[in-house]
Amino acid sequence: MKNSLILMLTILVFTSSHAQKFVSSHTVGNEMKTYSKVLVVVKTKDAARRVGLEDDIVMRLKSEDINAMPSHLRLDQKTLNAKAKDAEAIEVFVSKLRENGFEGILVTSLVDAKESVTYNAAEYRTTTVPVRYGRFGRYYSTARVGVYEPATVEKHQNFILESLLYDLRESSKQNSLHWIGKIKVTDPKSFEKTSNKYAKTLVKKITKEAIQL
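Quick summary incoming for the structure in this document. (Residues numbered from 1 in each chain as written. Predicted model: local features only at pLDDT ≥ 70, side-chain atom pairs only at ≥ 80, totals over all residues. Heavy atoms only, no water.)

## A few points about the packing of aromatic side chains
Note the threshold: Any two rings among Phe, Tyr and Trp, with Trp reduced to its six-membered ring, count as a pair given centres within 6.5 Å; such a pair is stacked if its planes are under 30 degrees apart, edge-to-face if over 60, and tilted if neither. Put simply, DSSP marks the helices as runs of H or I at least four residues long and the strands as runs of E at least two long, and each gets a number from the N terminus on. Ring-over charges, as used throughout, are those where CZ of Arg or NZ of Lys falls within 6 Å of the ring centre and within 35 degrees of the ring normal.
Counted under the stated rule, the structure contains one aromatic pair. Taken together, a centroid distance of 6.3 Å and an interplanar angle of 70 degrees make the contact between F22 and W179 edge-to-face. Here the residue F22 occupies a position in strand β1 (residues 19-27), and W179 occupies one in strand β8 (residues 177-186), the gap between them amounting to 157 residues. Directly above the aromatic system of F191 lies the positively charged group of R49, at a separation of 5.8 Å from the ring centroid. It is R169 that lies over the ring of Y35; its NZ or CZ is 4.7 Å from the centre.

See the structure below:
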């Protein structure tokens, strides 16, 4: 049941987007680094959306002259899911990445999903309306009338996506985390817009705080 819920929320967050903003970000050691090659990983059970977001992030990184590759070209969906449960397999995979010249790995995943409610209080205000009755000369005149707007309740879907940048040049037994950032996506609308906007927001932030161009 839990896995089904996570899958449903993952599909929803990657099917749409309206507003996005950074919730938090942190650069370990406050150090900017250069990366000659970065692997981009999106952890989700929906293979199509994994491919789409990975490709969008890679495209944005390459637009900043950062050599990057999507993980779906190196890891099939089954292997990606299995490695999350096997520390030894992960170490072997990381060693192979190092051998192939990868210096960093950027991992993105959905970490939270919540519904929020906004209450808008009732409001009484005045507005100007045209006076269209009476003698002809008043047709172009205006008058002020009172307008009552009842209270409303708005529900919003909020999703938190987290991206982690690891420096593979250090031993995996040490703390190789270089940067962490969380972005809130509110009321998504379409996967293409969500994915493209997330990639743009992420790369703009990470090149400002962690990756030296």
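## Section: the packing of helix α2 (residues 47-63) against helix α5 (residues 191-209)
Keep this limit in mind: Axes here mean lines fitted to C-alpha atoms, for a helix over just the part in contact, with angles spanning 0 to 180 degrees between N-to-C directions. Throughout, the term roughly parallel applies to angles under 35 degrees, roughly antiparallel to angles over 145, roughly perpendicular to angles from 65 to 115, and oblique to all others. Handedness of each helix crossing follows the sense of rotation of the near helix against the far helix: counterclockwise by less than a right angle gives left-handed, clockwise gives right-handed. A contact between two residues is defined here by any heavy atoms of the two lying within 4.5 Å. Each residue receives one of three labels: charged for Asp, Glu, Lys and Arg, nonpolar for Ala, Val, Leu, Ile, Met, Phe, Trp, Tyr, Cys and Pro, and polar for the others, Gly being one of them.
Across the interface, α2 lies against α5 with an axial gap of 9 Å and an inter-helix angle of 40 degrees. By the angle class used here, α2 and α5 are oblique. In terms of crossing hand, the pair formed by α2 and α5 is right-handed. Residues R49, G52, L53, D56, I57, M59, R60 and L61 of α2 form the contact with α5, whose participating residues are F191, S195, N196, Y198, A199, K200, L202 and V203. Grouping the constituent residues of the contact of α2 with α5 by class yields nine nonpolar, three polar and four charged.

## Examining a positive patch on the surface
Our working definition: Think of a patch as exposed residues, more than 30% relative accessible area, with no salt bridge, where like charges cluster within 9 Å and nonpolar side chains (Val, Leu, Ile, Met, Phe, Trp, Tyr) cluster within 5 Å. Throughout, the Shrake-Rupley method with a 1.4 Å probe supplies accessible areas, and for residues the shown protein chains are the sole cover considered. Salt bridges are defined by distance alone: a side-chain nitrogen of Lys or Arg within 4 Å of a carboxyl oxygen of Asp or Glu. Only four residue types enter the tally: Lys and Arg on the positive side, Asp and Glu on the negative side, with His and both chain ends excluded. By convention, the point assigned to a charge is CZ for Arg, NZ for Lys, CD for Glu and CG for Asp.
Together, K197, K200, K204 and K208 make up a region of like positive charge exposed at the surface. Its location among the elements puts K200 in helix α5.

## Some points on α2
The periodicity of an α-helix, 3.6 residues per turn, causes residues three or four places apart in sequence to face the same way. Using the following cut-off: A helix is expected to span 1.5 Å for every residue after the first. Summary of the burial criterion: residues with accessible area below 20% of their type's maximum are buried, those above 50% are exposed, and those between are partly exposed, where the area comes from a 1.4 Å probe applied to protein chains only. Here a polar contact means two N or O atoms within 3.5 Å. Within protein one must be a hydrogen donor candidate and the other an acceptor candidate, and residues neighboring in sequence count only if both atoms are side-chain atoms.
Between the first and last C-alpha of α2 there are 24 Å, a value that for 17 residues agrees with the 24 Å anticipated at 1.5 Å per step. Looking only at α2, the buried set comprises R49, R50, G52, L53, E54, D56, I57, V58 and L61. With a side-chain oxygen lying 3.3 Å from the backbone nitrogen of A48, the N-terminal cap of α2 falls on D46. Two residues or fewer after α2 comes D65, characterised by a positive phi angle close to 65 degrees.

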